[in-house]
Amino acid sequence: MYNLKDLKSYTKSYKKSVENPEAFWDAIAKANFVWKRPWSRVLEWDFSLPKISWFEGAQLNITENCIDRHLEQNGNKTAILFEPNNPNESSEAITYTDLHKRVNQFANVLKSKGIQKGDRVCVYLPMIPELAIAVLACARIGAIHSVVFAGFSANALASRINDCDCKLLITSDGGYRGAKTIDLKSIVDTALLDCAGIEAVLVAKRIHTDISMVSGRDFWLQPLLESASAICEATVMDAEDPLFILYTSGSTGQPKGMVHTTAGYMVYSAYTFKNIFQYEPEDIYWCTADIGWITGHSYIVYGPLLNGATTLMFEGVPSYPDYGRFWSIVEKHKVSQFYTAPTAIRALAKQGLDLVSPYDLSSLKVLGTVGEPINEEAWHWYNDHIGKRKCPIVDTWWQTETGGIMISPIPKSFDGKPTFATLPFVGIQPALMDEKGEEIEGNSVEGRLCIKFPWPSMARTIWGNHQRYKETYFSAYDQSYFTGDGALRDENGHYRITGRVDDVIIVSGHNLGTAPIEDAINEHPKVAESAIVGYPHDIKGSALYGYITLKNSDDTNAAALKVEINQLISKHIGPIAKLDKIQFTSGLPKTRSGKIMRRILRKIASKDTSNLGDISTLLNPEVVETIMKNSL
Ligand code: WT7
């Protein structure tokens, strides 16, 4: 599976993947996986319907590829390395043999509760081994997992359970997050008041507190697992049978249940993992995401296990017991690949080097980021202080919908450069479109990012609403998947993601991306983080409003800082991008996955606060009030 080892091999593979995609993916799928029946056709597609089908006719089970086939040679190798929230609790190494047993037992428990192929199972668990095992147990018997991030509220959980008619829910008595314990079961109980379809709830023990169990509905997981058989034959799945549903929020409306199917997702998540992280058999790989997000699905569970890798699963948070925790884990487990989000890097950089320097980070080989554009300053901090300028940084651009990484540097093939996701992965055919819907050819251009050709792990539909899938992704541009992002292609053909196109602000007729302005501001040594939004302006159409958090919130010379910040913007982008209003604030409203909620900031800046929408799912809803109070 490892064939992108230098620029020449990338260039050759890329060329083949575009000129003859079917032959390209056919060879990768044949050489690297176990199939119960081969496919009759590699790809069939029509973006106007839209219909996408990969490896039609093939039969397989993804868990045999993730687990069983590694047993003979690597049964004693650690598959999942669990690092608990509390550093004084010992970590747990789950070998491939252990994992096989635990997944099969769990699958048999699901069966004993009436779960069959095609049934939807909701998983609402903290980052404990049972979460990964539950996901795999569903896949073992062909049940469709729908993991809901355990930070979501009862309402959010209930709407996701109901949207796809889940029959069974897997949860725990609670979870640890830093100094806090989270009482998951009472959230579940509230949610289930509105979920008539749930027939059984399996409850894992983690925090060992007293919780209420509803008789006949709720079952402790442990005793059921102990009495379950450790043999569960893998259900034979068709290539296009759904593997999972994962909800992602849209710019409007209810969350969308993105449906990923079996064979294509398997091939693409495995192949990208191997080549982008340059995984070698002795490596310890760590992605800090939660399995509740696509990053965790593809690059904690499936991608690594498909490669027989050791994947570290961390229960806690970067700030507990102190902001050195990530680096202490890297040292403790000799982590080779480390994959995190820019928001985490910025938070850690803000803490200073005293929390980095005590740790030996020499095991690191590749660093990754995902989730949002990484600003120049954070990129350099990561490169200088974590990678010690010897680890390639892979700034990986992709989406819940894409299933796997789409645009990213590939170590050894080509380097990254700050704020650039660089080049498409093999098989990915990006295009930039103008407002008229025409493709913009050539280099040094900017437009809306589309993908012109199917790739194996693309979401196939929105659960229960194919029409919305078509409208959201395939209607803006003819025969192209629209990502919702803007991007520029530089003089070398490298891509820089400029942010969601709904964040583009047109000031005096000039299109300004928020990301480059924020980059410029973040260069100021006193700035921790910033978010730019547009607000209506009589003369310019829109003007720019900047919300800025400082590293040291006691900084008093606000007037001087504002001047300096606008000078920086002028320098990096031009006077047109200068901010009309600057509000210093102690925090920015963020989603649980760490994205800044610009929608809320936009409303406050526009003095349109009558309906801020649902802010209860924010990480820090309290900052909204403060920002409103001090609004300019
Ligand atoms: C959106 C997708 C894919 C896993 C996590 C997010 C933004 C993601 C990058 C990056 C710039 C990025 C895009 C994209 N995004 N990675 N490396 N550089 N922007 O998944 O929640 O589905 O969000 O995140 O705007 O469309 P998601």
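Residues numbered from 1 in each chain as written. Predicted model: local features only at pLDDT ≥ 70, side-chain atom pairs only at ≥ 80, totals over all residues. Heavy atoms only, no water.

1. Side note on the overall build of the protein
Scanning the protein from terminus to terminus reveals 18 helices and 30 strands. Here the C-alpha atoms of the protein give a radius of gyration of 24 Å, agreeing with the 26 Å that 2.2 N^0.38 yields for 632 residues. Along the three orthogonal principal directions, the C-alpha set of the protein runs to about 70 × 60 × 50 Å. Split into buried and exposed, the 632 residues of the protein put 60% on the buried side. Taking contacts inside the protein between residues at least 6 apart in sequence as the whole, the part at least 24 apart equals 71%. Surface accessibility of the protein: about 24,200 Å² in total, with carbon and sulfur atoms responsible for 49%. Taking the average place of the 65 positive charges on the side chains of the protein and the average place of its 72 negative ones, the gap between the two points comes to 1 Å. (Helix = DSSP H or I, 4+ residues; strand = E, 2+ residues; numbered from the N terminus. Rg over C-alpha atoms; globule rule 2.2 N^0.38 Å. Buried < 20%, exposed > 50% of the residue type's maximum accessible area, 1.4 Å probe, protein only. Contact = heavy atoms within 4.5 Å. Areas by Shrake-Rupley, 256 points an atom, 1.4 Å probe, with all protein chains shown as cover. Lys, Arg positive; Asp, Glu negative; His and termini not counted. Charge placed at Lys NZ, Arg CZ, Asp CG, Glu CD.)

2. Things to note about the domain arrangement of the protein
Taken domain by domain, the protein comprises domain 1 (7–317 + 396–487) and domain 2 (508–629). For domain 1 versus domain 2, the separation of C-alpha centres amounts to 33 Å. Contacts between the two partners involve 7 residues from domain 1 and, on the opposite side, 4 residues from domain 2. In total, domain 1 and domain 2 occlude about 470 Å² of area from one another, counting both sides; carbon and sulfur atoms represent 61% of this. Taken together, the links from domain 1 to domain 2 amount to 0 salt bridges. At the junction of domain 1 with domain 2, the criterion picks out 1 residue pair in polar contact (both at pLDDT 80 or more). For the side of domain 1 that touches domain 2, the residue count by class is 4 nonpolar, 3 polar and no charged. (Domains from an automatic or database assignment. Buried area = accessible area lost by both parts, 1.4 Å probe. Salt bridge = Lys/Arg side-chain N within 4 Å of Asp/Glu carboxyl O. Polar contact = N/O pair within 3.5 Å; in protein donor to acceptor, adjacent residues only side chain to side chain. Nonpolar A, V, L, I, M, F, W, Y, C, P; charged D, E, K, R; others polar.)

3. Side note on the pattern of salt bridges
Following the criterion strictly, the structure yields 28 salt bridges and no others. What you see here is one network of salt bridges that share partners, running through Lys 185, Asp 189, Arg 217 and Asp 218.

4. Comments concerning helix H9 (residues 262–276)
Given a rise of 1.5 Å per residue, 15 residues ought to cover 21 Å, and the 21 Å separating the end C-alpha atoms of H9 matches this to within 8%. Taken from the residues just after H9, Gln 278 is the one with a positive phi, measuring 50°. (Expected span 1.5 Å × (residues − 1).)

5. Comments concerning the sheet that holds strand S25 (residues 495–500)
Strand order in the open sheet formed by 4 strands is S21-S22-S24-S25, with antiparallel pairing between adjacent strands. Lying at the two open borders of the sheet, with one neighbouring strand each, are strand S21 (430–433) and S25. Taken over all neighbouring pairs, the strand axes of this sheet differ in orientation by 45° on average, direction set aside. Here strand S22 (residues 445–451) pairs with strand S24 (residues 481–489) via 6 bridges, running antiparallel. Looking at the pairing, Val 445 lines up with Arg 489 of S24. (Pairing = 2+ DSSP bridges. Axes fitted to C-alpha atoms, helices over the stretch in contact; angles between N-to-C directions.)

6. Remarks on the environment of Lys 30
Along the chain, Lys 30 falls in helix H2 (residues 21–32). Along the backbone, Lys 30 and Gly 178 are 148 residues apart, and their C-alpha atoms lie at a distance of 44 Å.

7. Quick notes on the site of the ligand
Inspection of the region around the ligand gives 17 residues, with Asp 395, Thr 396, Gln 399, Thr 400 and Asp 485 positioned closest. Within the side chain of Asp 395, an N or O atom sits 2.7 Å from a nitrogen atom of the ligand. Lys 595 is positioned with one of its side-chain polar atoms (N or O) 3.3 Å from an oxygen atom of the ligand. Computed on the free molecule, the ligand has an accessible area of 550 Å², of which 89% lies beneath the protein chains in the complex. Elements that contribute at least two residues to the shell around the ligand include exactly helix H10 (294–306), strand S20 (393–396) and S25. For the shell around the ligand, the residue count by class is 6 nonpolar, 5 polar and 6 charged. (Near = heavy atom within 4 Å.)

8. Quick look at unusual backbone geometry
Across residues other than glycine, the phi torsion is negative in most instances, and most of the peptide bonds are trans. With an omega of -15°, the peptide bond between Leu 49 and Pro 50 qualifies as cis. Along the chain, Pro 50 falls in the loop between strand S1 (41–46) and strand S2 (51–56). Omega for the peptide link from Tyr 320 to Pro 321 comes to -5°, which places this bond in the cis form. Among the structural elements, Pro 321 can be located in the loop between strand S17 (310–314) and helix H11 (325–333). In this structure, Phe 55 takes a positive phi of about 60° despite not being glycine. Residue position: Phe 55 is located in strand S2. Positive phi, normally seen in glycine, also occurs at Gln 479, with a value near 55°. By the secondary structure assignment, Gln 479 is in the loop between helix H14 (466–474) and S24. Since its relative accessible area comes to 33%, Gln 479 is described here as partly exposed.

9. With respect to the sheet that holds strand S7 (residues 144–147)
Taken in spatial order, the 8 strands make up an open sheet running S12-S11-S8-S6-S7-S14-S15-S23, and their pairing is mixed. Bordering the open sheet on either side are strand S12 (218–220) and strand S23 (461–462), each of which pairs with just one other strand. The pairing of strand S6 (residues 120–123) with S7 spans 4 bridges and is classified as parallel. Paired with Arg 120 across the two strands is Ile 144, which belongs to S7. Against the sheet, H10 engages S7, strand S14 (242–248) and strand S15 (256–261), with an angle of about 140° to S14.

10. So, the packing of aromatic side chains
The full count for this structure, using the stated rule, is 48 aromatic pairs. Each ring, one from Phe 277 and one from Tyr 339, has its centre 4.8 Å from the other, and the planes form 65°; the classification is edge-to-face. Pair noted here: Phe 277 is in the loop between H9 and strand S16 (284–287) and Tyr 339 is in strand S18 (residues 337–340), with a separation of 62 residues, a long-range link. Overall, Phe 277 belongs to the buried group, its relative accessible area being 0%. Its guanidinium or amino end placed over the ring of Trp 220, Lys 205 lies 4.3 Å from that ring's centre, counting from NZ or CZ. (Phe/Tyr/Trp six-rings, centres within 6.5 Å; stacked < 30°, edge-to-face > 60°. Lys NZ or Arg CZ within 6 Å of the ring centre and 35° of its normal.)

11. Structural notes on the packing of helix H15 (residues 514–522) against helix H16 (residues 558–572)
At a closest axis distance of 8 Å, the pairing of H15 and H16 adopts a crossing angle of 125°. In this view, H15 runs oblique relative to H16, as classed from their interaxial angle. As H15 packs across H16, the resulting crossing turns out to be right-handed. Together, Ile 517, Ala 520 and Ile 521 of H15 and Ile 565, Leu 568, Ile 569 and His 572 of H16 make up the contact between the two elements. Here the contact of H15 with H16 is composed, by residue class, of 6 nonpolar, 1 polar and no charged. (Parallel < 35°, antiparallel > 145°, perpendicular 65-115°, else oblique. Left-handed = near helix turned anticlockwise from the far one by under 90°.)

12. Let's talk about the side chain of Thr 402
Topologically, Thr 402 is positioned in the loop between S20 and S21. Leaving out residues up to four positions away in the same chain, Thr 402 has contacts with His 260, Trp 455, Ser 457, Met 458 and Tyr 481.

13. Some thoughts on the packing of H9 against H10
Where H9 contacts H10, the axes come no closer than 8 Å and their chain directions differ by 90°. With respect to H10, the element H9 is oriented roughly perpendicular. Packed against H9, whose contacting residues are Tyr 265, Met 266, Ser 269, Ala 270, Thr 272 and Phe 273, the element H10 presents His 297, Ser 298, Tyr 299, Tyr 302, Gly 303, Pro 304 and Leu 306 at the interface. A per-class count over the contact of H9 with H10 returns 8 nonpolar, 5 polar and no charged.

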